[in-house]
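Okay, here's what each chain looks like letter by letter:
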Amino acid sequence: YETRIPVEIAGEELLARLEAAGVEVESTEETPSFGSQLLSFAFVLLPVILLIGFFIWMSRRASGGGLGSAAGMGRSKAKVFDASRPDTTFDDVAGYESVKAEIVENADFLRDTSRYAAAGAVTPRGVLMTGPPGTGKTLMARALAGEVGVPFLSVTGSSFVEMFVGVGAARVRDLFAEARRQAPAIIFVDEIDAIGQRRHSNAIMSNDEREQTLNQLLAEMDGFDPAVGIIVLAATNRPEVLDAALLRPGRFDRQVTIPLPNQLERHAILDVHCRGKSLGVDADLETVARRTPGFSGADLANLVNEAAIRAAREKRTVLGAEDFEEAHDRVLLGQRDGSNVLLPEERHAVATHEAGHAIVAALSPAADPVHKVTILPAGQSLGSTHQVPLHERHLYSETYLLDTLAVQLGGRAAELEAFGQASTGAANDLATATTIATKMVREYGLSPRLGPVGYASGGPMFLDQGQAVQGRPYSDETQRVIDQEVTRLITEAQD
């Protein structure tokens, strides 16, 4: 009989018990095998190997400029379009011929410097494109990248913003160093207001991250060692917040405003967005362009896309005039809600209200002609009266504004005339009329009682102002006169 008992289980008294019982004990020393030794070494060295591998991975990630790495934070996040440029060209940008000519001229400075140097011309340092959202500032830069034959570095202003102080300035230095290596080159900074906002002396910390980034950008554009052969192209919707040192000649020598397109440009933009789409014989893009004053290029692209979606929903491939009509209402008013069924008396009130708008518009000589009247609910609107101007307006006379006020109050006046009482349906009309009348009195100087005095409302130049600007540059007595004059204009319009 033979057995094996581990000493750890039997206890230390096992040997003594065996000797007391007269058991013969033999012992031999075993040499561990090579495999068991290797396994033991592996268990010991595995944590060390993992730790070394982790440090190697971190060092490689840092040298590569990965997110969160200390060595890669100062690297610029610019996209370089050199060999493979965007497919967008100036053929895809409709209208704005003067703007395109001015932007292309700056690229010609880099492509043919000798011609301008012979005339003593100095290459402009920067071009700032401003305008409302959706007018095509970024599209213009992409088209320039597809047209020019020089390297094009694209970066957004927010990519310089970092929680660590000094990283933004380091990225600006790295961006211009890369541009110098590839000079002549063009740098495009989109949404430059993220780093170029006006510096304030009452800041809690005068050396915060954004100011350091802005100071580095100012030094790179026109410092002791100016960047030769580099043009900075920038775009923003908020030029009023930019620092004055950034806008002076020598940094941004040219400021190009890209406004909302006029009627001819809207027609050309619609032609571009309708490429590759089948249009019906009744689809007149000139009428669509006339019906969309105030639309940007992005709004027009959205309108064409909504018309194509409506045609596809009805299993058609040809876009007709009705598709553009419905798309226009969808963009302005919202989706028509078939479940919002009005009561008969409500439908009668809405019809009377919209008829009042239409009658006053038809009988007002200076008002825009009526294009369509509907009492089909859409979005928050129970009905609407569309007016389409015959020509593009750039100036608005006092007669036109007074007729516009009358048209806005025509719906409420019709309710008072037909039912003897008004309803809540005129709330939006009253808000619009109050805004127009307030601007007539406060900004346009069209009040004989207040006189030719204008108080600008302030706020963003190309963005919605939202709430009123705090702090009035006039007294409470002047505000009382403004309120009285606004009430007078609206009451006279209703009468």
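A quick note: this is a predicted structure, and the numbers were derived from the prediction, not measured.

Q: How should I be thinking about the overall build of the protein chain in this particular structure?
A: Broken down by element type, the protein chain carries 17 helices and 10 strands. Within the protein chain, buried positions represent 38% of all 495 residues. Intrachain contacts of the protein chain at a sequence separation of at least 6 include 74% that bridge at least 24 residues.

Q: What's the story with unusual backbone geometry in this structure? I'm lost.
A: Peptide bonds are trans in most cases, and residues, glycine excluded, mostly fall at negative phi. Unusually for a residue other than glycine, Glu-191 sits at a positive phi of about 55°. At Lys-315, a residue that is not glycine, the phi angle is positive and equals roughly 60°. Tracing the sequence through the fold places Lys-315 in the loop between helix H12 (297–313) and strand S8 (318–319).

Q: Which parts of the structure should I look at to understand the pattern of salt bridges?
A: It is possible for side chains of opposite charge to pair when their charged atoms get near one another. One pass over the structure, following the stated rule, counts 14 salt bridges. Taking the shortest distance from any N to any O, the salt bridge between Arg-181 and Glu-178 comes out at 2.4 Å. Here Glu-178 and Arg-181 lie together in helix H7 (residues 167–181), a separation of 3 residues that amounts to about one turn. For Arg-181, a relative accessible area of 57% gives the class exposed. Between Glu-492 and Arg-488 there is a salt bridge whose closest N-O contact spans 3.2 Å. Note that Glu-492 and Arg-488 are positioned in helix H17 (residues 476–494) at a spacing of 4 residues, about one turn of the helix. Residue Arg-488 is classed as partly exposed on the basis of its relative accessible area, which comes to 28%. When salt bridges with common partners are traced through the structure, they connect Arg-310, Glu-314, Arg-316, Glu-322 and Asp-323 into a single cluster.

Q: Honestly, the pairing of strand S2 (residues 126–130) in this entry has me stumped. Any pointers?
A: With respect to burial, S2 is a largely interior element, 5 of its 5 residues being buried. As judged from the 5 bridges shared by S2 and strand S5 (residues 230–236), these two strands associate in the parallel manner. Residue Thr-130 lies in a different strand from S5, and its bridge partner there is Thr-236.

Q: Can you walk me through the environment of His-267 in this structure?
A: In this fold, His-267 is placed in helix H10 (residues 263–273). Given the relative accessible area of 25%, His-267 is considered partly exposed. In this structure the C-alpha to C-alpha distance between His-267 and Leu-300, which are 33 residues apart in sequence, comes to 9.6 Å. In contact with His-267, other than residues within four places in its own chain, are Leu-285, Glu-286 and Ala-289.

Q: Explain the pairing of strand S4 (residues 185–190) here, please?
A: On a regular strand, one side chain projects to one face of the sheet and the next to the other, so that they alternate. Of all 6 residues making up S4, 6 are buried, and the element is well covered by its neighbours. Here S4 shows two buried faces, one formed by Ala-185, Ile-187 and Val-189 and the other by Ile-186, Phe-188 and Asp-190. Two elements, strand S3 (residues 152–156) and S4, share 5 bridges in a ladder whose sense is parallel. From the neighbouring strand, Thr-156 faces S4, where its bridge partner is Asp-190. Examined bridge by bridge, S4 and S5 share 6 bridges and lie parallel to one another. Bridging across to S5, Val-189 finds its partner in Ala-234.

Q: How should the packing of aromatic side chains be read in this particular structure?
A: Working definition: an aromatic ring pair is given by the centre-to-centre distance plus the angle between the planes. For the structure on display, the rule yields 5 aromatic pairs. Considering the side-chain rings of Phe-54 and Trp-57, the 6.2 Å spacing of their centres and the 40° angle between planes classify their relative orientation as tilted. Of this pair, Phe-54 and Trp-57 both sit in helix H3 (residues 34–63), separated by 3 residues, roughly a single helical turn. With a relative accessible area of 44%, Phe-54 lands in the partly exposed category.

Q: Just checking my understanding: could you explain the nonpolar core for this structure?
A: A general trend in soluble globular proteins is that nonpolar side chains are found buried together. By size, the foremost hydrophobic cluster in this structure holds 26 residues, and its most contacted members are Met-129, Met-140, Leu-144, Ile-186 and Leu-233. Broken down by secondary-structure element, the contributors of at least two residues to this core are helix H4 (97–111), S2, helix H6 (137–147), S4 and S5. Once residues lying within four places of it in the same chain are set aside, the contact partners of Ile-186 are Ala-107, Leu-110, Leu-144, Val-148, Val-150, Pro-151, Phe-152, Leu-153, Ile-231 and Leu-233. In this structure, Val-189, Ile-192, Leu-242 and Leu-246 belong to the second largest nonpolar core, which totals 23 residues.

Q: Please explain the environment of Pro-452 as it appears in this structure.
A: The topology assignment puts Pro-452 in the loop between helix H16 (427–442) and H17. Along the primary structure Pro-452 and Val-441 are separated by 11 residues, whereas in three dimensions their C-alpha atoms are 9.1 Å apart.

Q: Please clarify how the packing of H16 against H17 should be interpreted in this entry.
A: Helices that pack against each other are described as a pair by the angle of their axes relative to one another and the distance between those axes. Across the interface, H16 lies against H17 with an axial gap of 9 Å and an inter-helix angle of 125°. If you check the angle between H16 and H17, you find them oblique. Seen from above, H16 lies across H17 with right-handed handedness. Residues Ala-433, Thr-434, Ala-437, Thr-438, Met-440, Val-441 and Arg-442 of H16 pack against Ile-482, Glu-485, Val-486, Leu-489 and Ile-490 of H17. Partitioned by chemical class, the residues of the contact of H16 with H17 number 8 nonpolar, 2 polar and 2 charged.

Rules used in this analysis
Residues numbered from 1 in each chain as written. Predicted model: local features only at pLDDT ≥ 70, side-chain atom pairs only at ≥ 80, totals over all residues. Heavy atoms only, no water. Helix = DSSP H or I, 4+ residues; strand = E, 2+ residues; numbered from the N terminus. Buried < 20%, exposed > 50% of the residue type's maximum accessible area, 1.4 Å probe, protein only. Contact = heavy atoms within 4.5 Å. Salt bridge = Lys/Arg side-chain N within 4 Å of Asp/Glu carboxyl O. Pairing = 2+ DSSP bridges. Phe/Tyr/Trp six-rings, centres within 6.5 Å; stacked < 30°, edge-to-face > 60°. Core = buried A, V, L, I, M, F, W, Y, C linked by side-chain atoms within 4.5 Å. Axes fitted to C-alpha atoms, helices over the stretch in contact; angles between N-to-C directions. Parallel < 35°, antiparallel > 145°, perpendicular 65-115°, else oblique. Left-handed = near helix turned anticlockwise from the far one by under 90°. Nonpolar A, V, L, I, M, F, W, Y, C, P; charged D, E, K, R; others polar.

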